[in-house]
Amino acid sequence: ENGWMFPRRWMLPSLKSEFKDMNLFQSKDSEVIRVKEDDKKMEVSLDTSQYRPDELSVSVSAGVVTVEGKHEEKAEDGSKMVSRQFVRKYTLPSGAKPEDVVSNLSSDGVLVISANKSPPAIDVKINQN
């Protein structure tokens, strides 16, 4: 082998089976259940069942709705810690006012944020002859 050492299978650490299916760069948006917008309102449904109500916040600033969740738990002996968080931002549709944004958390952890759109100031029907 002329002095070259090729690694043997037993020399390479194998990944434990629980890490084998882990995809750190997955593109799936795990919290978002549905985003729906029509001419009357915008509605976003998020799965927040992994978070307590006091770990969630919804705010509106400069025409953007921000939804945040942050969860941390530690073992009593301090040996283990779990931490997860998410931030989602949605631009308010034209015609929606910040004060019209409403959020509602169901008992099964689905957070629904909705914003009603204001009707146009003048609705004029145009007859064409």
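Structural data are supplied above this passage.
Residues numbered from 1 in each chain as written. Predicted model: local features only at pLDDT ≥ 70, side-chain atom pairs only at ≥ 80, totals over all residues. Heavy atoms only, no water.

## Some thoughts on the nonpolar core
Here comes step 1: Formed by 15 residues in total, the largest nonpolar core has its most connected members in L46, V65, V67, F86, L92, V101 and I113.
Here comes step 2: At the level of secondary structure, the elements contributing two or more residues to this core comprise β2 (41–47), β4 (64–74), β5 (81–91), β6 (96–105) and β7 (110–117).
Here comes step 3: If we skip the residues at most four places from it in the chain, V101 touches V60, V65, L92, I113, S114 and A115. (Core = buried A, V, L, I, M, F, W, Y, C linked by side-chain atoms within 4.5 Å. Buried < 20%, exposed > 50% of the residue type's maximum accessible area, 1.4 Å probe, protein only. Helix = DSSP H or I, 4+ residues; strand = E, 2+ residues; numbered from the N terminus. Contact = heavy atoms within 4.5 Å.)

## Details of the sheet that holds strand β1 (residues 32–37)
Here comes step 1: Overall, antiparallel pairing links the 4 strands, which are arranged β1-β2-β7-β6 in an open sheet. Pairing within the sheet leaves two strands with one partner each, and these edge strands are β1 and β6. Shown here is a sheet whose adjacent strand axes are inclined to one another by a mean of 10 degrees, direction ignored.
Here comes step 2: Where β1 meets β2, 5 bridges bridge the pair, whose relative direction is antiparallel. When the bridges of β2 are listed, V35 appears paired with V44. (Pairing = 2+ DSSP bridges. Axes fitted to C-alpha atoms, helices over the stretch in contact; angles between N-to-C directions.)

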